[in-house]
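# Coordinate analysis (summary)
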Amino acid sequence: MEQVNNVKKVRVEKMLSKSELARLAGISPLTLDRIEKGMACRLATKRKILLALGFKVGQKQQVFKL
């Protein structure tokens, strides 16, 4: 199931490479690549990405659309 998100847009705006963001979030670059392409992921993974990008969990709508 494909999910719309702004992970790549925000990552590029913050001038982070995929590998840098993956390292900060504690996930694999392959997982990050899949998420940026719209594949589903766990809520815990979304939380890790949000925190690594400098967002609070309450700001999830700015990165992950529902």
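Our structure is the block above this text.
These notes cover the structure that comes with them. (Residues numbered from 1 in each chain as written. Predicted model: local features only at pLDDT ≥ 70, side-chain atom pairs only at ≥ 80, totals over all residues. Heavy atoms only, no water.)

Here we take up the overall build of the protein chain. If you tally the helices and strands in the protein chain, you get four helices and zero strands. The N-to-C order of helical and strand elements in the protein chain reads α-α-α-α. For 66 residues, the compact-globule formula gives about 11 Å, and the C-alpha radius of gyration of the protein chain, at 10 Å, lands near that figure. The buried share of the protein chain, taken over its 66 residues, is 38%. Taking as baseline every contact in the protein chain between residues at least 6 positions apart, the subset at least 24 positions apart corresponds to 55%. (Helix = DSSP H or I, 4+ residues; strand = E, 2+ residues; numbered from the N terminus. Rg over C-alpha atoms; globule rule 2.2 N^0.38 Å. Buried < 20%, exposed > 50% of the residue type's maximum accessible area, 1.4 Å probe, protein only. Contact = heavy atoms within 4.5 Å.)

Before going further, it helps to spend a moment on the nonpolar core. Formed by 17 residues in total, the largest nonpolar core has its most connected members in Val 7, Leu 21, Leu 32, Ile 49, Leu 53, Val 63 and Phe 64. Elements with a minimum of two residues in this core: α1 (7-13), α2 (18-25), α3 (29-36) and α4 (43-52). Setting aside its immediate chain neighbours within four residues, Leu 32 contacts Val 7, Arg 11, Lys 18, Leu 21, Ala 22, Ile 27 and Ile 49. (Core = buried A, V, L, I, M, F, W, Y, C linked by side-chain atoms within 4.5 Å.)

This part takes up α4. Listing the buried residues of α4 in full gives Thr 45, Lys 46, Ile 49, Leu 50 and Ala 52. Viewed end-on, α4 has its buried residues packed into an arc of 165°, placing them on one side of the element. In this structure, the buried residues of α4 make contact with α1, α2 and α3. Directly beyond the C-terminal end of α4, a positive phi value near 90° is found at Gly 54. (Arc of directions from axis to C-beta.)

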